[in-house]
Amino acid sequence: MAASAPGAAPETEPETEPETEQTSFREEIRAAMREALLADDRVFLMGEDVGGYGGAFGVSLGLVEEFGPDRIRDTPLSESGFVGAGIGAAVAGMRPIVEIMTVNFSLLALDQILNNAATLLHMSGGQVSVPVVIRMTTGAGRQLAAQHSHSLEGWYAGIPGIRVLSPGTLQDARYMLAPALADPDPVVIFEHGSLYNATGPTAPRPESFDIVSAAVRRTGRDVSLISHGGSLPKVLAAAEALAADGVSAEVVDLRSLRPLDGATIAASVARTHRAVVVDEGWRTGGLAAEIAARIAELAFYDLDAPVERVCGAEVPVPYPKHLEDAAIPQVADIVAAARRAVG
Amino acid sequence: MPSLGADMTEGALVEWLVQPGDTVVKGQAVAVVDTAKSAIEVECFADGVVEELLVEPGTTVPVGTVLAVLGEAHEAGPAPTKAAPAKAAAAKPTAKKPAAKKPATKKSVTRKPAAGKRPATQKKPAAQPADRHPPEAGPSTSRVSPLVRRLARERGVDLGAVHGSGPGGRVTRADIDVAARPAGRARTTPYARRIATELGVDLDGVVGTGPEGAIRAGDVRTAAAAGTAAPTRTATPPVTVSPDRTAARRHAIADLMSRSKHEIPHYYLATTIDLAAAVTWMREHNRGVPVAERLVPSALLLKAAAVAAKQVPEMNGFWIDDGQVRSEHVHLGVAVALREGGLVAPALHDADRLPLPDLMAGLRDLVRRARAGRLRSSETADPTITVTDLGDQGVEAVFGVIYPPQVALVGFGKVTDRPAAVDGLLGVRPCVTATLSADHRAGDGAVGARYLALVDRLLQSPEEL
Amino acid sequence: MSRAKKPPQSRKPSPASAAESEAPAEPVLSEETKHLLELVDQMLLIRAFEERCVELYSAGTIRGFIHLYIGEEAVAVGVNAALSPDDAVVSTYREHGHALARGVPVEAVMAEMYGKATGCSHGRGGSMHLFDVERRFYGGNAIVGGGLPIAAGLALADRMTGRNRVTCCFFGDGAVAEGEFHETANLAALWDLPLLLVCENNLYAMGTPLEREHAQTDLAMRAASYGMPAWAVDGMDAVAVERAARRAVDGILAGNGPHFLEMRTYRFRAHSMYDPDRYRDKAEVERWRERDPIPLLARRLPPGAADLEEMTKRATAVVDRAVAAAEAAPVEPVEDLYRFVSHEGS
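Scoring rules and cut-offs
- Residues numbered from 1 in each chain as written.
- Chains lettered and ligands numbered in written order.
- Predicted model: local features only at pLDDT ≥ 70, side-chain atom pairs only at ≥ 80, totals over all residues.
- UniProt positions renumbered as here; feature names shortened; annotations may be inferred.
- Helix = DSSP H or I, 4+ residues; strand = E, 2+ residues; numbered from the N terminus.
- Buried ≥ 20, exposed ≤ 12 C-beta atoms within 10 Å, placed from the backbone.
- Contact = placed C-beta atoms within 7 Å.
- Nonpolar A, V, L, I, M, F, W, Y, C, P; charged D, E, K, R; others polar.
- Pairing = 2+ DSSP bridges.
- Axes fitted to C-alpha atoms, helices over the stretch in contact; angles between N-to-C directions.
- pLDDT = per-residue confidence, 0-100.
- Parallel < 35°, antiparallel > 145°, perpendicular 65-115°, else oblique.
- Left-handed = near helix turned anticlockwise from the far one by under 90°.
- Core = buried A, V, L, I, M, F, W, Y, C linked by C-beta atoms within 7 Å.
- Domains from an automatic or database assignment.
- Right-handed = clockwise from strand over helix to strand, strands pointing away.

- Chain C has the name Pyruvate dehydrogenase E1 component subunit alpha in an unreviewed UniProt entry, where Catenulispora subtropica is given as its organism.
- Taken from UniProt, the Catalytic activity (unreviewed entry) comment for chain C reads in full: "N(6)-[(R)-lipoyl]-L-lysyl-[protein] + pyruvate + H(+) = N(6)-[(R)-S(8)-acetyldihydrolipoyl]-L-lysyl-[protein] + CO2".
- Quoted straight from UniProt, the Cofactor (unreviewed entry) entry for chain C says "thiamine diphosphate".

- The name given to chain A in an unreviewed UniProt entry is Alpha-ketoacid dehydrogenase subunit beta, with Catenulispora subtropica as the source organism.
- Checking UniProt for chain A, the heading Cofactor (unreviewed entry) contains the comment "thiamine diphosphate".

What follows is the structure, given as structure tokens:
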């Protein structure tokens, strides 16, 4: 049912990974999965082309050689079928990691995610746990056009019964998976496609780590830039640009989109009194709308300017680069919104 | 009575949707008419003001009967006062319908030009300070829907003072809501409102610098620190949200002026300035430009006051924390009396650098918006010196009270022809008395004298202003 | 005391040696007769339960959608007889019969109808979402076809961990039109999953007759196209159902991958309590009623072995007690609304 994977072949080569401090988002996710597979026999990965192909985006490259086709399990193009099978296996005590190629394809499995994964615990009066982890690629920026580029995190973040994570840093890419697998409830992890190649120094193993709180990635006085996942690097760049202009921006990385860490958001707004929410999803009824509403609920009396939203344009994401760029939040948009807020 | 169908010969007027004095627009429903088939709304086909309703509700009249008389729309508000406006009927031109062939019909719907009426823009003599009498409604008051008109009436909102935010400046329902907001509810951010409570600052005295004049936290802090806003007295409940904005404003002015007189050691200077050169130059200038762009003497006086302030920087700035803070820019505060009482003094930014036509336009705009309550935040925030011109009130001289923390206030009286000695002869010249109220802490009389003398000199070379 | 409350005890022995009997030992009955009596008992309990549901629903005591199993009882009890307590069952929204046959206590099922805290799903699920994980009864899935991938996942877990047991998934003829059926059939056959697919073909997907929803109405043949053993069974005959189910289970446990059984059955009542049943010919319903699975099975028993009247009374009494218990049971406090949404909230 799904269209073919973008890009002909995986982009990294496992055998030439040098001993270096540098790593990439892709490698960190792979390392996290490898660690989980080694640590727990119940963990297995399944999805379209996760085995020999190495994953549509090369994330699982090399794993099938190490763990075999039973635990690195290629599936037919049956999103509902294999996501449901992952849910069922989780119900039976396994710890499946199910990879869906893109969030657009996940709509074919939405029945399973919403009607089963998110619902079974409640519908059964607490009897049926679904400790599944569903990873999927999200977001635009790679000219993959309107059926491979959307950001539907906000939709998922509206579903009670699941946890929704959006790593935006190498450290989160590396360390979110283990607590997600340990969670007795379903966890959906969104990986922004434009982050896979993001590189940086290997993050140290954190001493304390959770998958519920937002993180302040940069402190500031004048305005809170609230974002997550693929927009995070842009927001950090915007904060840098604003600093050069004398505006001190605080950057809040949501990390968990469900539950939302309202306390951290409100605390930041209480410091800066202005908020700009950046989310690649559509504005109407989207995640940014939810966060703006939370700010109104939790930090109304701290607001010194209307909440600004920088969202994806309300169009199906177009193919040409210039239009795609125009359709999603860019550094300049974020800077402009922050300036409006600061006034 | 319009023909609302080929077989319609008469109709019963059920209800008027408008009243005499209402402004109506083309296409607006003005009445409900009952035909043999159903009740139908009658729309009018011209803009104008309803002058007279000729048919009583409940009356059945033949198609073609004139139902009402419309007058020319004019800018000055709802009540038509012109003696003999041209008549126009609200009825549909039934002459188009073969079924209705009343000869009178055609005539009654022909809209004649308003012969006896001068266009508003040509009406004022150039010498009159037009800026004191701006048109009430920038956007045409005729662009108001019946609903909005009704709401405005119910809620006591002066439509002429409402800024239309709709397409083409149309006044929307939301605009009425804004205009009818209870007094004392200045547009204020939640955080600013909170800290105003905490700091005991009365928001009515705070100048907002946010979008559309919104008061933000910084404004409250500035007000609290500089004390320019009336602090809430301990005798009164904290944050008085006055039920009457006018009274609240009076209160703020009272506080401010008391503080000024209490704290600032004023000294006063006056001089009479011969405006012959300025007036002659102005007339010459006005001859060459459209009516709307003509200058008034006030513009020249303001410009001279501004340029002089730039050149005598001691007069331009503030006295804060026992020290003088001079201002790079000359933001000329212009005292504007409000209709409902009270006074505001918004800034003409960089008035010293504005060419006269721009200054004139800016002045008109500023006064109009000041009276409509639509000042921009920056305008209310930062005057560096204030000018008050009471000439149109007929007085010869005004000795004003300084706006803290400014250090000077310039006053102009009426421009009048006075006997004057010129080149050893007695002549009649247009003169004005210019005064200066200045803060003795920031400077001494000699500086003030230098300032006034400079104003005089500048006005003798108007072409250079 | 109903035997239905106990899960069947064995898989391997033939029907003749199936379950022990609690019946008094007056006439010496063969093991087979005892087993068949057991099946009759279970069917009577289901029938009594469902008929009580009609009353309670009509009285407004229980609400929501309710889908009655009357007429299809042979499928539930026959299939269940072939399963062991270790096997898993995934069911549909017409699952009262499956749950009762599986041994979910009738009190817990009735309390669930009432939405009471003592219900088998804590009252959260209602008629369409009966769960009993202790008995490996995984619901009560009201998305047509939605349970199939879950069942495949349960089977996958067994396969990956080397547990030799079966997951049985019930679904209707309507589900065979769903993509999820085909995705699951393909996946299960591809991966040799120990999955028993039991299609209850009652000839109508809600109100749409089989021939108007399927281009090919031989459902077993369509399943067979995925390379799995598949055949049709007389779903009104509990013995035939059990025999077929055993064969399939044996095949699955022998490592032959998924099996598909098309149970040709019929519901005597409308699709749900909302359904005026306009799409079926009364004569058709009557024809099927003549093959009512309960008397059909009773007729196989030795003369005098089954006193249907007496057995019905006993089943009714069991249901009476369940109703009384449900009436008396507490509801969950509203403050507990957010329980069971996630483990944190629980």
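## Section: the overall build of chain A
Okay, step 1: The helix and strand inventory of chain A stands at 14 helices and 14 strands.
Okay, step 2: The 343 residues of chain A split such that 61% are buried.
Okay, step 3: Put simply, 79% of the contacts in chain A that link residues at least 6 apart link residues at least 24 apart.

## Overview of the overall build of chain C
Okay, step 1: When helices and strands are tallied, chain C shows twelve helices and eight strands.
Okay, step 2: A burial count over chain C gives 55% of its 346 residues as buried.
Okay, step 3: Considering only contacts in chain C between residues 6 or more positions apart, those separated by 24 or more positions represent 74%.

## As for the interface of chain A and chain B
Okay, step 1: With eight residues of chain A at the contact, the number on the chain B side is nine residues.
Okay, step 2: Its residues assigned to classes, the side of chain A that touches chain B comprises four nonpolar, two polar and two charged.

## Here's the deal with the sheet that holds strand β10 (residues 223–227) of chain A
Within a sheet, neighbouring strands are paired by backbone hydrogen bonds and run either parallel or antiparallel to one another.
Residues and elements named next belong to chain A.
Okay, step 1: Spatial ordering of the open sheet is given by β9-β11-β10-β13-β14, a layout of five strands whose pairing is mixed. Edge strands, defined here as strands with exactly one partner in the open sheet, are β9 (215–218) and β14 (308–312). Taking each pair of neighbouring strands and ignoring which way they run, the sheet shows an average axis angle of 25 degrees.
Okay, step 2: Direction of pairing for β9 relative to strand β11 (residues 249–253): antiparallel, over a ladder of three bridges. Bridge pairing links Arg 218 to Val 251 in β11.
Okay, step 3: The sheet strands contacting helix α11 (residues 262–272) are β9, β10, β11 and β13 (275–282), and the helix crosses β11 at an angle near 175 degrees.
Okay, step 4: Here helix α14 (residues 331–342) sits on the sheet in contact with β10, β11, β13 and β14, set at roughly 165 degrees to β14.

## Some words on the confidence of the model for chain A
Okay, step 1: Looking at chain A, pLDDT values average 93 and 94% of them are 70 or higher.
Okay, step 2: For the stretch residues 1–13 of chain A, pLDDT sits under 50, and the model shows 25 contacts to residues farther than four places along the chain or on other chains.

## Brief notes about the environment of Thr 60 of chain B
All names here are of chain B.
Okay, step 1: Of note, Thr 60 is situated in strand β6 (residues 60–62).
Okay, step 2: For Thr 60, a count of 13 C-beta atoms within 10 Å corresponds to the partly exposed category.
Okay, step 3: In sequence terms Thr 60 and Glu 10 are 50 residues apart; their C-alpha atoms lie 6.8 Å from each other.

## Focus: unusual backbone geometry
Okay, step 1: In this structure, the amide linkage connecting Arg 258 of chain A to the following residue, Pro 259 of chain A, adopts the cis form with an omega of 0 degrees.
Okay, step 2: Secondary-structure assignment places Pro 259 of chain A in the loop between β12 (256–258) and α11.
Okay, step 3: For the bond running from Pro 404 of chain B to Pro 405 of chain B, omega is 0 degrees, close enough to zero to count as cis.
Okay, step 4: Within the secondary structure, Pro 405 of chain B is located in the loop between β15 (385–389) and β16 (408–412).
Okay, step 5: The backbone of Phe 340 of chain C sits at a positive phi, close to 70 degrees, despite the residue not being glycine.
Okay, step 6: You can see Phe 340 of chain C is positioned in the segment after α12 (308–328).

## Quick notes on the packing of helix α4 (residues 106–113) of chain C against α12 of chain C
All names here are of chain C.
Okay, step 1: Across the interface, α4 lies against α12 with an axial gap of 8 Å and an inter-helix angle of 50 degrees. Considering the angle they form, α4 stands oblique to α12. Considering the relative orientation of α4 and α12, their crossing is right-handed. Of the residues in α12, those touching α4 at Val 106, Glu 107, Met 110, Ala 111 and Met 113 are Val 318, Val 319, Ala 322, Val 323, Ala 325 and Ala 326.
Okay, step 2: Split into classes, the residues belonging to the contact of α4 with α12 amount to ten nonpolar, no polar and one charged.

## Quick notes on the sheet that holds strand β2 (residues 23–24) of chain B
All names here are of chain B.
Okay, step 1: Here we have three strands laid out as an open sheet, ordered β2-β5-β7, and antiparallel in their pairing. Two strands in the sheet have a free side with no partner beyond their single neighbour: β2 and β7 (68–71).
Okay, step 2: With two bridges joining them, β2 and strand β5 (residues 48–53) adopt antiparallel strand pairing. If you follow Val 24 over to β5, its bridge partner there is Gly 48.

## A look at the environment of Asp 74 of chain A
Residues and elements named next belong to chain A.
Okay, step 1: Along the chain, Asp 74 falls in strand β3 (residues 72–74).
Okay, step 2: The exposure class of Asp 74 is partly exposed, given the 17 C-beta atoms found within 10 Å.
Okay, step 3: Separated by 24 residues in sequence, Asp 74 and Val 50 place their C-alpha atoms 5.6 Å apart.
Okay, step 4: Other than its neighbours up to four places away in sequence, Asp 74 contacts Asp 49, Val 50 and Gly 51.

## Here we look at the interface of chain A and chain C
Okay, step 1: Taken residue by residue, the interface counts 33 residues in chain A and 35 residues in chain C.
Okay, step 2: Listing elements by their share of the side of chain A that touches chain C, those giving two or more residues are α3 (79–91), α5 (110–117) and α6 (120–123) of chain A.

## A word on helix α5 (residues 190–199) of chain B
For the α-helix, the turn length of 3.6 residues means that residues three or four positions removed from each other point alike.
Okay, step 1: Those residues of α5 of chain B lying buried are Tyr 191, Ala 192, Arg 193, Ile 195 and Ala 196 of chain B.
Okay, step 2: Just past α5 of chain B, the residue Gly 200 of chain B takes up positive phi, approximately 70 degrees.

## Describing the nonpolar core
Okay, step 1: Leu 225, Val 276 and Ala 338 of chain A are the most contacted members of the largest nonpolar core, which totals 219 residues.
Okay, step 2: The biggest single contributor to this core is helix α1 (residues 31–58) of chain C, with twelve residues.
Okay, step 3: Formed jointly, this core draws a minimum of three residues from each of two domains, domain 1 (23–201) and domain 2 (215–342) of chain A.
Okay, step 4: Those residues in contact with Leu 225 of chain A that lie beyond four places of it in its chain are Val 235, Ala 238, Ala 239, Ala 249, Glu 250, Val 251, Val 252, Val 276, Val 278, Ile 334 and Ala 338 of chain A.
Okay, step 5: One finds Ala 252, Ala 308, Ile 385 and Val 455 of chain B within the second-largest nonpolar core, a separate group that totals 62 residues.

## Remarks on the environment of Thr 264 of chain A
All names here are of chain A.
Okay, step 1: For Thr 264, the location among the structural elements is in helix α11.
Okay, step 2: By the C-beta count within 10 Å, which is 19 here, Thr 264 ends up partly exposed.
Okay, step 3: Remark: the alpha-carbon pair of Thr 264 and Ala 214, spanning 50 residues in sequence, is separated by 6.2 Å.
Okay, step 4: Non-local contacts of Thr 264, meaning those with residues more than four positions away in its chain, are made with Ser 213, Ala 214 and Val 252.

## Side note on the pairing of strand β3 (residues 167–172) of chain C
All names here are of chain C.
Okay, step 1: Burial analysis of β3 places six of its six residues in the buried class, which makes it a mostly covered element.
Okay, step 2: Side chains Thr 167, Cys 169 and Phe 171 project from β3 onto one buried face, and the interleaved Cys 168, Phe 170 and Gly 172 project onto a second face that is buried too.
Okay, step 3: Relative to β3, strand β1 (residues 88–91) runs parallel, the two being bridged by three bridges. Directly across from Ala 88, in β3, lies its bridge partner Thr 167.
Okay, step 4: Strand direction decides the pairing type here: β3 and strand β4 (residues 195–201), joined by six bridges, are parallel. Across the sheet, residue Cys 169 finds its bridge partner in β4, namely Leu 197.
Okay, step 5: Note on the crossover from β3 through helix α6 (residues 179–190) to β4: the handedness is right-handed.

## Quick notes on the packing of helix α5 (residues 147–161) of chain C against α6 of chain C
Residues and elements named next belong to chain C.
Okay, step 1: Remark: α5 packs on α6, axes separated minimally by 8 Å, with the N-to-C direction vectors making an angle of 15 degrees. Judged by the angle between their axes, α5 and α6 are roughly parallel. Where α5 crosses over α6, the handedness of that crossing is left-handed. In contact with Leu 148, Pro 149, Ala 152 and Ala 155 of α5, α6 contributes Glu 180, Phe 181, Glu 183, Thr 184, Leu 187 and Ala 188.
Okay, step 2: Grouping the amino acids of the contact of α5 with α6 by side-chain chemistry returns seven nonpolar, one polar and two charged.

## Notes on the confidence of the model for chain C
All names here are of chain C.
Okay, step 1: In this model, chain C carries an average pLDDT of 91, and 92% of its residues clear a pLDDT of 70 or more.
Okay, step 2: The low-confidence segment residues 1–10 (pLDDT under 50) makes 31 contacts with residues lying over four places distant or belonging to another chain.
Okay, step 3: Throughout residues 12–21 the model reports pLDDT below 50, and contacts reaching past four residues in sequence, or to other chains, amount to 17 contacts.
Okay, step 4: Here the predicted complex scores 0.64 on pTM and 0.87 on ipTM.

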